[in-house]
There are 4 protein chains.
Amino acid sequence: MGRAGCVVDLSAAYRLRDASLYPQWYGFVHDQPALLAQAVFGLPELHRGELSGAALVATPGCHVTAATLALAPLVNAGLIEPTGVVVDSITGVSGAGRALKHTSLFCTADEDVTAYGLLDHRHTPEIEQEVGAQVLFTPHLAPLSRGLLATCYARPSAAVSTESLLGALRDAYSGEPFVVVDEASPSTKATLGSNMAHLTARFDERTGTVMAICAIDNIAKGASGGAVQAANVALGLAETAGLSVVGMYP
Amino acid sequence: MGRAGCVVDLSAAYRLRDASLYPQWYGFVHDQPALLAQAVFGLPELHRGELSGAALVATPGCHVTAATLALAPLVNAGLIEPTGVVVDSITGVSGAGRALKHTSLFCTADEDVTAYGLLDHRHTPEIEQEVGAQVLFTPHLAPLSRGLLATCYARPSAAVSTESLLGALRDAYSGEPFVVVDEASPSTKATLGSNMAHLTARFDERTGTVMAICAIDNIAKGASGGAVQAANVALGLAETAGLSVVGMYP
Amino acid sequence: MGRAGCVVDLSAAYRLRDASLYPQWYGFVHDQPALLAQAVFGLPELHRGELSGAALVATPGCHVTAATLALAPLVNAGLIEPTGVVVDSITGVSGAGRALKHTSLFCTADEDVTAYGLLDHRHTPEIEQEVGAQVLFTPHLAPLSRGLLATCYARPSAAVSTESLLGALRDAYSGEPFVVVDEASPSTKATLGSNMAHLTARFDERTGTVMAICAIDNIAKGASGGAVQAANVALGLAETAGLSVVGMYP
Amino acid sequence: MGRAGCVVDLSAAYRLRDASLYPQWYGFVHDQPALLAQAVFGLPELHRGELSGAALVATPGCHVTAATLALAPLVNAGLIEPTGVVVDSITGVSGAGRALKHTSLFCTADEDVTAYGLLDHRHTPEIEQEVGAQVLFTPHLAPLSRGLLATCYARPSAAVSTESLLGALRDAYSGEPFVVVDEASPSTKATLGSNMAHLTARFDERTGTVMAICAIDNIAKGASGGAVQAANVALGLAETAGLSVVGMYP
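(A) Expanded view of the overall build of chain A. A tally of helices and strands in chain A yields 8 helices and 10 strands. For chain A, whose C-alpha radius of gyration is 18 Å, the value lies close to the compact-globule estimate of 18 Å for 250 residues. Dimensions of chain A, computed from the C-alpha atoms along their principal axes, are close to 65 × 45 × 40 Å. Every one of the 250 residues in chain A was classed for burial, and the buried ones make up 62%. The long-range share in chain A, meaning contacts at least 24 apart out of those at least 6 apart in sequence, stands at 71%. Accessible surface for chain A amounts to roughly 8800 Å². Of this, 55% is attributable to carbon and sulfur atoms. Looking at chain A, you have 14 positive and 23 negative side-chain charges, and the mean spots of the two groups are 5 Å apart.

In structure tokens, the structure reads:
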């Protein structure tokens, strides 16, 4: 009897490389720390090389995919300070899964906006690990089924402009099949049902603040679509295999 | 023939005390600068004394009411730095009024989240004037009719804690009929159809960031309800007159 | 020790006068048949006289209120046949209460329309009892929190016209504080948060079909608001007491 | 210069074979009555043979597709009377297109249900033509973007049962790639983004009424998807070409 050639895990069990973060953020001691070292974070845009042939893929949380795509190139290019970063994201109710919770009922979520997980949301250490910066992460729930918009704020660590920020994102994602960088403010609906991530950035000269925004479908690129993409890379298949739908509007 | 004893203006025409802000943010030269000096900003929680007997009341924009209620007491108490403040707010489609615009169509707004007015939204100088701080303001549109949640981020200028921030808000709004300060994360739906503002605050020790959140109904406390409240004060009526519940359409 | 002067029951326990309907539609034998004879159906527009001083009031289901207000005057005026009546109604998710069910989750109900309880919905015998006709009742679930629209179809039993149908409704509800009869097609949103019922009717000469439509807020006039109205009548209070506006959550 | 081999028209211009219906329902005299005789109604499930090689295809309105799929097989099998048929349908806002109308605004449509086009909706004669019965058609608007559910009522013209009705539908659609007949009550969301039609039927012995229900995505099978399917047949392509998406949930 053989073993699986590749496990793509959608849980958080293997996302954090530092085992000490599990007690702090998840409240348990990780009992397979050796596997943490083997697991590859399932974001091909950042880890394509390591993913090739990986035996264990840890797919990111949906907020993490959006925040990381928006911020990692700016940190890597030395354009933003790696402290004091704010990730303020808004997502639909499907992010909470199909569990029967009062907060997921139609009459509770409909016509409501609220922030949750203030200061201690479990996706925080993943974002920090992947972005390479200290991050305050605040997710918000809005009345839609699918869609996630992450609006990120940081301080510049160099002379930047809206053009240089957009340029850094374009350089990072040149040739990426599932990332679009544009001056326009992205809309989650434009990504609905697709594996696409839509990005923009701004530098506010008036206040000296960098903004980067990413829109995805939280259960496509933010979950199952992203997992298929990572599996494709791990298994040596065409990265876009099974992911050809380009979004459904309206 | 007499004159009106009190004008309560819901437009932005008299909100900014500094006439030079009109060309910068609105693109025109204000032709009644003398009236700007007479106008009182219609937020009773901050300007109750001046409003009493006022002849010209400039009611705030909806985002401004929420951001100001969340941040002004923290600036006034010397708890946050007056620079680098971020106001990230989310609101429903009624904020855009009844004008026939594609962005206000059901099929455009439904199942969508997007940020608009990046860097240059016209409510920015109002927020800065009333909060007394430099602010980057980013509004987001979500698929609901009514409701506005402002999530605000700032750096502390003193030793603060979640308790001291909540205490500063409670002190500022002690006795206010339309403001509730609580540890719970506020929900716009809890304010739907009422003139209430629900507030909370947090200090994130890990990243050294202050958060303050305010939820209102953007067309009640954020518009017509707030205008009635300000008119009540200006005219010497009971401040809560006509506001036990306010209208709920749409 | 005394007894309650008046019980207003919101369940279905005392709505059906004929005890034999309980086994058929609810699957149990009613063990208090004597109380069924004493209970008064809590729809003041039809039973105001009996409700005065009633000790036990059985408030109607929400679909029943809408269908009965639309159809009973037409049956009573001899304008429609008491067989072959169709009640096709659409309601929001609050009709299912706060129970944790998959069908009540936001992601299930959002962007969906479906019919439920085909042929055997338990509100059917109530409608038949109050309308005085044999009825096929089909409720539909749509993605809104509150609101119920009943579109009813019947065959004429006399020479009718749109005018005579509207006239019969206007006669029946002349002086009613919570019923509006109009030529316009009613909208549930116009009744949101209020105890109002909005009605219209049409005669389609082409197909020989009578239509009557009623819109209510299913948790105001269709539940708690209607119960307060009935209690007011039972207790001899002003019928509109406490109902100038009713609650609007969710 | 050549001519187009095949025109697939999405307007109503060539849907009605009887030119006299245009003045009655549309208010104009058709000036190309000869083309009406050449046009083939673009519903492959009913007109596959005629569509093959057709030069002019008139694609159905969305309500028409749903009502016709539900009712035509029952009329054709002699199971229902061709008079007194009621089609009560519910659809989302995309049915009104992208025109800037107050009824299409988010704040108007959100949390609202209303019936429109009472007695004289222009899709009525199309339904009658394709179903082969006299029909009263009443569409309703509900707060969703996409999705259409038609609930149809008729009187039996023979001894029928739920089983025989389902059997007639299954016989009619055996082998159809885009039609599913099932005992379950169909849900529009299960067809979202796909070219599928989901059908069920019931016979209510108590009231002697036949019900048939059809769910589609009004802008897929009900519009562009159906047009592609008809074009495929007309041009001799595989009928499912370009229509492989099977629905998006949630």
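(B) Spotlight on the packing of helix α4 (residues 62–76) of chain A against helix α6 (residues 124–131) of chain A. Residue and element names in this part refer to chain A. For the pair α4 and α6, interaxial distance at closest approach is 8 Å and the crossing angle is 30°. Compared by their axis directions, α4 and α6 come out roughly parallel. Taken as a pair, α4 and α6 cross one another with a handedness that is right-handed. Residues V64, A67, T68, L71, A72 and V75 of α4 pack against E126, I127, E130 and V131 of α6. Taken together, the residues of the contact of α4 with α6 break down into 7 nonpolar, 1 polar and 2 charged.

(C) Region of interest: the sheet that holds strand β6 (residues 135–141) of chain B. Residue and element names in this part refer to chain B. Read from one edge of the open sheet, 7 strands run β5-β6-β4-β7-β10-β9-β8, paired in mixed fashion. The strands lining the two open edges of the sheet, one partner per strand, are β5 (114–115) and β8 (179–181). Sheet analysis places strand β4 (residues 85–91) next to strand β7 (residues 148–154), joined by 6 bridges and oriented antiparallel. Note that in β7 the partner of V86 across the bridge is Y153. The strands touched by helix α4 (residues 62–76) are β4, β6, β7, β9 (197–204) and β10 (209–216); relative to β10, the strand with the most contacts, the crossing angle is about 140°. Sheet strands touched by helix α7 (residues 162–173): β8, β9 and β10. Its angle to β9, the strand with the most contacts, is close to 155°.

(D) A look at the domain arrangement of chain A. All names here are of chain A. Its domain assignment divides chain A into domain 1 (7–59 + 224–235) and domain 2 (62–222). For domain 1 and domain 2, the distance between their C-alpha centroids amounts to 20 Å. Across the boundary between the two partners, domain 1 contributes 16 residues, which contact 24 residues of domain 2. Buried surface at the junction of domain 1 and domain 2, both sides included, amounts to about 1700 Å², of which 53% is carbon and sulfur. Ranking the residues of domain 1 by area buried against domain 2 places W25, Y26 and E45 at the top, with a combined share of 35%.

(E) Seen up close, the environment of G226 of chain C. All names here are of chain C. With respect to the element layout, G226 can be found in helix α8 (residues 220–235). According to the relative accessible area criterion, G226 is buried, its value standing at 8%. Beyond its immediate sequence surroundings of up to four residues, G226 is in contact with G42, N195, A220 and K221.

(F) Broad picture of the interface of chain A and chain B. Contact residues are listed per partner, giving 47 residues for chain A and 45 residues for chain B. Roughly 3900 Å² of surface becomes buried between chain A and chain B when both sides are summed, with 56% attributable to carbon and sulfur atoms. Summed over the shared surface of chain A and chain B, the result is 2 salt bridges. A salt bridge links E128 of chain A to R206 of chain B; the shortest N-O distance between them is 2.8 Å. Counting every contact that joins chain A to chain B gives 30 residue pairs in polar contact (both at pLDDT 80 or more). Partitioned by chemical class, the residues of the side of chain A that touches chain B number 21 nonpolar, 15 polar and 11 charged.

(G) Highlighting the interface of chain C and chain A. Taken together, the contact pairs 19 residues of chain C with 17 residues of chain A. Summed over both sides, the interface of chain C with chain A buries roughly 1600 Å², with 65% coming from carbon and sulfur. Counting the contacts that link chain C with chain A gives 0 salt bridges. For the pair chain C and chain A, the number of links is 6 residue pairs in polar contact (both at pLDDT 80 or more). Grouping the amino acids of the side of chain C that touches chain A by side-chain chemistry returns 11 nonpolar, 5 polar and 3 charged.

(H) Structural view of the state of the cysteines. As enumerated under the stated definition, the model contains 0 disulfides over all chains in all. Cysteine C62 of chain D is unpaired, with the sulfur of C214 of chain D as its nearest cysteine sulfur at 11 Å.

(I) How the structure looks around the packing of helix α3 (residues 44–51) of chain D against helix α8 (residues 220–235) of chain D. All names here are of chain D. Their axes nearest at 9 Å, the elements α3 and α8 cross at an angle of 30°. One finds that α3 runs roughly parallel with respect to α8. For α3 against α8, the interelement crossing comes out right-handed. Listed contacts from α8 to P44, E45, R48 and L51 of α3 are K221, Q229, A230, V233 and A234. Tallied by class, the residues present in the contact of α3 with α8 amount to 5 nonpolar, 1 polar and 3 charged.

(J) Geometry of the pattern of salt bridges. Taken as a whole, this structure holds 28 salt bridges over all chains when the rule is applied. Of the charged contacts, one joins E176 of chain B and R48 of chain B as a salt bridge, the two residues approaching to 2.7 Å between their closest N and O atoms. Taken together, the residues E176 of chain B in the loop between α7 and β8 and R48 of chain B in helix α3 (residues 44–51) connect sequence positions 128 residues apart. A salt bridge links R15 of chain C to E126 of chain C, with the nearest nitrogen and oxygen atoms 2.9 Å apart. You can see R15 of chain C sitting in the loop between β1 (7–9) and α1 (21–26) and its partner E126 of chain C sitting in helix α6 (residues 124–131), a full 111 residues away along the chain. What emerges from the salt-bridge pattern is a single network uniting R48, E176 and E239 of chain A.

(K) Molecular detail of the packing of aromatic side chains. Going through the model one piece at a time under the given rule, you end up with 14 aromatic pairs over all chains. Both rings, one in Y22 of chain C and one in Y26 of chain C, keep their centres 5.4 Å apart while their planes meet at 35°; by these two values the pair is tilted. Here Y22 of chain C and its partner Y26 of chain C are both found in helix α1, 4 residues apart, which amounts to about one turn of the helix. The burial state of Y22 of chain C is the same as that of Y26 of chain C; both residues are buried. By the ring-pair criterion, three or more aromatic residues cluster together here, those being Y22, Y26 and F28 of chain A.

(L) Looking closely at helix α3 (residues 44–51) of chain C. Residue and element names in this part refer to chain C. Along α3, the positions that sit buried rather than exposed are P44, E45, H47 and L51. All buried residues of α3 fall inside an arc of 140° around its axis, so they share one side. At the C-terminal side of α3, G53 shows a positive phi close to 80°.

(M) Summary view of the sheet that holds strand β10 (residues 209–216) of chain C. Residue and element names in this part refer to chain C. Read across the open sheet, the 7 strands follow the order β5-β6-β4-β7-β10-β9-β8; overall the sheet is mixed. Of all strands in the sheet, those bounded by a partner on one side alone are β5 (114–115) and β8 (179–181). As defined by bridge partners, strand β4 (residues 85–91) adjoins strand β6 (residues 135–141) across 7 bridges and the pair is classed as parallel. Following the sheet pairing, T91 is matched in β6 by L141. Helix α4 (residues 62–76) rests against β4, β6, β7 (148–154), β9 (197–204) and β10 of the sheet, and its axis sits at about 140° to β10. With respect to the sheet, helix α7 (residues 162–173) is in contact with β8, β9 and β10, its orientation differing from that of β9 by roughly 155°.

(N) Geometry of a negative patch on the surface. The grouping of E163, D182, E183 and E205 of chain A at the surface amounts to a negative patch. Position of E163 of chain A among the secondary structure elements: in helix α7 (residues 162–173).

Quick notes on the rules
- Residues numbered from 1 in each chain as written.
- Chains lettered and ligands numbered in written order.
- Predicted model: local features only at pLDDT ≥ 70, side-chain atom pairs only at ≥ 80, totals over all residues.
- Heavy atoms only, no water.
- Helix = DSSP H or I, 4+ residues; strand = E, 2+ residues; numbered from the N terminus.
- Rg over C-alpha atoms; globule rule 2.2 N^0.38 Å.
- Buried < 20%, exposed > 50% of the residue type's maximum accessible area, 1.4 Å probe, protein only.
- Contact = heavy atoms within 4.5 Å.
- Areas by Shrake-Rupley, 256 points an atom, 1.4 Å probe, with all protein chains shown as cover.
- Lys, Arg positive; Asp, Glu negative; His and termini not counted.
- Charge placed at Lys NZ, Arg CZ, Asp CG, Glu CD.
- Axes fitted to C-alpha atoms, helices over the stretch in contact; angles between N-to-C directions.
- Parallel < 35°, antiparallel > 145°, perpendicular 65-115°, else oblique.
- Left-handed = near helix turned anticlockwise from the far one by under 90°.
- Nonpolar A, V, L, I, M, F, W, Y, C, P; charged D, E, K, R; others polar.
- Pairing = 2+ DSSP bridges.
- Domains from an automatic or database assignment.
- Buried area = accessible area lost by both parts, 1.4 Å probe.
- Salt bridge = Lys/Arg side-chain N within 4 Å of Asp/Glu carboxyl O.
- Polar contact = N/O pair within 3.5 Å; in protein donor to acceptor, adjacent residues only side chain to side chain.
- Disulfide = S-S within 2.5 Å.
- Phe/Tyr/Trp six-rings, centres within 6.5 Å; stacked < 30°, edge-to-face > 60°.
- Arc of directions from axis to C-beta.
- Patch = residues over 30% accessible without salt bridge, like charges linked within 9 Å, V, L, I, M, F, W, Y side chains within 5 Å.

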